[in-house]
Amino acid sequence: MTFATFNPPERTLMGPGPSNINPRVLAALSRPVIGHLDPAFVGMMEELKVMLRYAFQTENALTFAVSAPGSAGMETCFVNLVEPGDKVIVCRNGVFGGRMIENANRYGAQTVIVEDEWGKPVDAQKLEDALKANPDTKVVAFVQAETSTGAESDTKTLTEIAHRHGALVIVDAVTAVGGTPVKVDEWGIDAIYSGSQKCLSCVPGLSPVSFNERAIAKLKSRKTPVPSWFLDLNLVLSYWNSDGGGKRTYHHTAPVNSLYALHESLLLLQEEGLEAAWARHRTQHAKLAEGLAKLGLDFVVPEGSRLPQLNAVKVPAGVDEAALRARLLNEYNLEIGAGLGPLAGKVWRIGLMGYTCRSENVLFCLAALGAVLNTAP
Ligand SMILES: *Cc1c(COP(=O)(O)O)cnc(C)c1O
């Protein structure tokens, strides 16, 4: 058997991620590899940290990209900040809250779960009640932008409540950053992780993270070593942090070209401006919502808690949702997402993330959906 160069089809990516990538980011990927300790590369990494601080709206020194996808950013937060026996409250209103519970359990936490219905934001009163019932809670964790449902939770309020009860906060902002306001310093978020392939519109496989002084104090006061070698912040920082004049040392070989790509995508974000990017997501979401209503499609999430970048709509009765998605992919080169967990088979998830979030894509998606729905069995 002989093989040929792999040429992927050109898709419009309107699912839960990855999103489409600006040609400037693709061009950055194809530049020459250089050594990961080359002074030219180190200079690029320093710029990357500055631009990541902008994306997170933080001055945190400890801000960098984990060399692995968003799930590894989640794991980095839990493995460094949770010690065996710590009480951890996880708010679950979708798939990714469930994964946080898995993380907390695996690192030996006493996990308390605050449940909310899929499609609803995390209920602040329930968190308050759980903290009153569990005054020894060390960490509160929740997802700002639940990609499995399209619901946005109020990070500012939830963080305030956790801090009032003396707990640290871990926030999943994988889908949030770049698409909807995330203000790490203003809201006092202690530890946060994102992903490269959602609203930052970069290649998959990198997870920007940021930790404030309170989180670092918790890390430094651990009685047990961080149980992961690869994700131990104490070790990773010997590579990412040379700010103090210290010498950078080898930890792992950084994904050199992917980091060029992230640098370029953050440059694009900086050129557009965060506020303008948030406004673009709101505007295109409104246009999409109007069109979906005309097609008779209802949102899963109540108005007021909808994420502009992830639109979950109910599949009309009698429609074979998988067959319709397959037609969109095969006939229109258009990817939209399926439902997960209890929403499997019941919803479509239409992403408007980063570079994908443009008027022409909204119109294309509505036209394609309209066409296949009219001819759907
Ligand atoms: C996509 C996503 C993740 C996981 O990111 P990967 O890059 O797929 O590992 C985590 N949390 C949320 C909310 C996500 O949308």
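Sequence order as written defines residue numbering, which begins from 1 separately in each chain. Whole-chain, interface and lining totals are the exception, using all residues; otherwise, since this is a predicted model, local features are given only for residues with pLDDT of at least 70 and side-chain atom pairs are given and counted only at 80 or more. As a convention, hydrogens and water are excluded, and side-chain values are obtained from all of the structure's heavy atoms.

**Some details on the layout of surface pockets**
Taken as a whole, the largest pocket encloses approximately 390 Å³ of empty space. For the largest pocket, the lining is made up of 13 residues, of which Glu 10, Arg 11, Asn 20, Ile 21 and Leu 26 are closest to its centre. Looking at the lining of the largest pocket residue by residue, the classes come out as nine nonpolar, two polar and two charged. A pocket, in this scheme, is an open set of points on a 1 Å grid over the protein atoms alone with protein on both sides within 12 Å along at least 5 of 7 lines, while a cavity is a set where a 1.4 Å probe fits but cannot get out; residues line either one if an atom lies within 4 Å of a point. Grid points are joined across faces, edges and corners, and a volume is the space filled by probe spheres set on the points. In this classification, the charged set is Asp, Glu, Lys and Arg, the nonpolar set is Ala, Val, Leu, Ile, Met, Phe, Trp, Tyr, Cys and Pro, and all remaining amino acids, among them Gly, are polar.

**A short note on the pairing of strand β10 (residues 207-211)**
Only protein chains enter the accessibility calculation, which uses a 1.4 Å probe; a residue is then buried when its area is under 20% of its type maximum, exposed when over 50%, and partly exposed in between. Secondary structure follows DSSP: runs of H or I at least 4 residues long count as helices, runs of E at least 2 residues long count as strands, and numbering of each begins at the N terminus. Among the five residues that make up β10, five are buried, leaving the element largely enclosed by the rest of the structure. Going residue by residue along β10, you find Ser 207, Val 209 and Phe 211 tucked away on one face and Pro 208 and Ser 210 tucked away on the opposite face as well. Pairing between strands is defined by DSSP: at least two bridges between the two strands are required. With five bridges connecting them, strand β2 (residues 62-66) and β10 associate as antiparallel partners. Bridged to Phe 64 within β10 is Val 209. With three bridges joining them, strand β9 (residues 191-193) and β10 adopt antiparallel strand pairing. By the bridge assignment for β10, Ile 192 is matched with Ser 210.

**So, the site of the ligand**
Taken together, the neighbourhood of the ligand is formed by Pro 69, Gly 70, Ser 71, Phe 96, Val 143, Ala 145, Thr 147, Asp 172, Val 174, Thr 175, Gln 197 and Lys 198. We call two N or O atoms a polar contact when they sit within 3.5 Å, provided that within protein one can donate a hydrogen and the other can accept it, with sequence-adjacent residues counted only if both atoms are side-chain atoms. For the ligand, an oxygen atom lies 2.3 Å from a polar atom in the side chain of Thr 147. At 2.8 Å from an oxygen atom of the ligand is found a side-chain nitrogen or oxygen belonging to Gln 197. Relative to its unbound accessible area of 380 Å², the ligand is 88% covered by the protein chains. When we say a residue is near a molecule or strand, we mean one of its heavy atoms is within 4 Å of it. Residue exposure ignores everything except the shown protein chains as possible cover, and the areas themselves are Shrake-Rupley values with a 1.4 Å probe.

**Focus: a nonpolar patch on the surface**
Patch criteria: residues need more than 30% relative accessible area and no salt bridge. Like-charged residues are merged within 9 Å; nonpolar side chains of Val, Leu, Ile, Met, Phe, Trp and Tyr are merged within 5 Å. Take a side-chain nitrogen of Lys or Arg and a carboxyl oxygen of Asp or Glu: if they are within 4 Å of each other, that pair is a salt bridge. Taken together, the side chains of Trp 229, Phe 230 and Leu 235 make up a nonpolar region of the molecular surface, amounting to roughly 290 Å² of accessible area. The residue Leu 235 is located in helix α9 (residues 233-240) in this model.

**Brief notes about the domain arrangement of the protein chain**
Residue ranges labeled as domains rest on an automatic or database domain assignment. Examined at the domain level, the protein chain breaks down into domain 1 (12-17 + 274-374) and domain 2 (23-269). Domain 1 puts 25 residues into the contact, and the matching count from domain 2 is 30 residues. Here the quantity called buried area is the total loss of accessible area, with a 1.4 Å probe, experienced by two parts when brought into contact, counted for both. Interface of domain 1 and domain 2: buried area, both sides summed, is about 2,200 Å²; carbon and sulfur atoms make up 68% of it. Of all residues in domain 1, Leu 274, Trp 278 and Leu 307 give up the largest surface area on contact with domain 2, accounting jointly for 31% of the area buried on that side. At the junction of domain 1 and domain 2, the tally comes to zero salt bridges. Of all the elements in the fold, those that place two or more residues in the side of domain 1 that touches domain 2 are α11 (274-294) and β11 (310-314). Partitioning the side of domain 1 that touches domain 2 into residue classes produces 16 nonpolar, seven polar and two charged. Whether two residues are in contact is decided by their heavy atoms: any pair within 4.5 Å suffices.

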